[in-house]
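Notes for the structure review
Residue-level listing of the chains:
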Amino acid sequence: MAGTRVKARGESAFAERFGVFAECLLTGVWIAVASLGVVTYPAAFAAGARHLRRRTAHEGGGWREFVADFRTAVRGGWLAGLAGWAAVAAVWVDVQAVRAGIPGGPLVGAVGVCALIGLVVAGLRAAAVWEPDARWRTLLAAAWRRTVLDPAGSFLIIAGLAVVAVSAWFTAPLAIPVLGAVAAAAVAVEERYRHR
């Protein structure tokens, strides 16, 4: 039952950690499926992060809770997803300016790519702390501040995204379960930041 505390008796630390790792991989698959709506990826990550927070707190939860969280998060999250795709389009235009040899193009392209990476990190940080009563605009503004004020945590999330990219480069299907590890990294970074 959701919200009830569940603790395995006699479970070793190794077994518990492996269980969290396996849950991350399963959550990655859920996130990938929920992201098929193209603009639903913020809501998918938010639901996945909330599921992982429940799992690490030893609270019950599963697919049904994930779906309920996703439905709630997608109400405002699709606008955040649309804004994310608009940012990607803007950076694509910047990169085309670099390729065309426009004066100042390399600088504009580099700034655009760095800004896009910052936006992705802020989006993941916002999703990591999402709760059903939260507004995406407020979450994203606070996450942007944390992204700038906590460069070490932001770098850890960037490293997680690099793992997804390398996994996709080696074997594309491997990137799907690794999405859950990125959500877990964002949750861990936010928990670390909260306890600073």
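Here the structure is a predicted model, which is why all the values come from computation and not from measurement.

Calculation notes
- Residues numbered from 1 in each chain as written.
- Predicted model: local features only at pLDDT ≥ 70, side-chain atom pairs only at ≥ 80, totals over all residues.
- Heavy atoms only, no water.
- Helix = DSSP H or I, 4+ residues; strand = E, 2+ residues; numbered from the N terminus.
- Buried < 20%, exposed > 50% of the residue type's maximum accessible area, 1.4 Å probe, protein only.
- Contact = heavy atoms within 4.5 Å.
- Patch = residues over 30% accessible without salt bridge, like charges linked within 9 Å, V, L, I, M, F, W, Y side chains within 5 Å.
- Areas by Shrake-Rupley, 256 points an atom, 1.4 Å probe, with all protein chains shown as cover.
- Salt bridge = Lys/Arg side-chain N within 4 Å of Asp/Glu carboxyl O.
- Expected span 1.5 Å × (residues − 1).
- Axes fitted to C-alpha atoms, helices over the stretch in contact; angles between N-to-C directions.
- Parallel < 35°, antiparallel > 145°, perpendicular 65-115°, else oblique.
- Left-handed = near helix turned anticlockwise from the far one by under 90°.
- pLDDT = per-residue confidence, 0-100.

A few words on the side chain of Thr-27. Mapped onto the elements of the fold, Thr-27 is located in helix α1 (residues 13-34). Looking at Thr-27, the relative accessible area reads 0%, which means it is buried. Leaving out residues up to four positions away in the same chain, Thr-27 has contacts with Gly-48, His-51, Leu-52 and Gly-180.

Let us now look at a nonpolar patch on the surface. Nonpolar side chains collect at one region of the surface, where Val-29, Val-33, Leu-36 and Ile-176 lie side by side and expose about 350 Å² of accessible area between them. Relative to the assigned elements, Val-29 resides in helix α1. For Val-29, a relative accessible area of 35% corresponds to the partly exposed category.

Given a rise of 1.5 Å per residue, 16 residues ought to cover 22 Å, and the 22 Å separating the end C-alpha atoms of helix α2 (residues 41-56) matches this to within 8%. Within α2, 13 of the 16 residues are buried, which leaves the element mostly enclosed by the surrounding structure. Note on α2: the residue one or two positions beyond its end, His-58, has a positive phi of about 60°.

The contact between α2 and helix α3 (residues 63-100) brings their axes to 5 Å, and the two run at 140°. Between α2 and α3, the interaxial angle falls into the category oblique. For the pair α2 and α3, the crossing hand works out as right-handed. Contacts between α2 and α3 involve Tyr-41, Pro-42, Ala-43, Ala-44, Ala-46, Ala-47, Gly-48, Arg-50 and Arg-54 on the former and, on the latter, Glu-65, Phe-66, Asp-69, Phe-70, Ala-73, Val-74, Gly-77, Ala-80, Gly-81, Gly-84 and Trp-85.

A few words now on the pattern of salt bridges. Summed over the entire model, instances satisfying the criterion amount to 11 salt bridges. For Asp-150, the salt bridge is made with Arg-125, and the minimal N-O distance between the two is 3.0 Å. Linking Asp-150 in the loop between α5 (136-149) and α6 (151-170) with Arg-125 in helix α4 (residues 105-128), this pair joins segments that are 25 residues apart in sequence. Grouping residues by exposure puts Asp-150 and Arg-125 together as buried. Across the pair Arg-192 and Asp-150 runs a salt bridge whose closest N-O atoms are separated by 3.0 Å. Of this pair, Arg-192 sits in helix α7 (residues 175-194) while Asp-150 sits in the loop between α5 and α6, and the two are 42 residues apart along the sequence.

Put simply, the protein has an average pLDDT of 89, and 94% of its residues get 70 or more. Per-element confidence in the protein ranges from a low mean pLDDT of 88 for α1 to a high of 95 for α5. Segment residues 1-6 is flagged for pLDDT under 50; beyond a separation of four residues in sequence, or across chains, it makes 13 contacts in the model.

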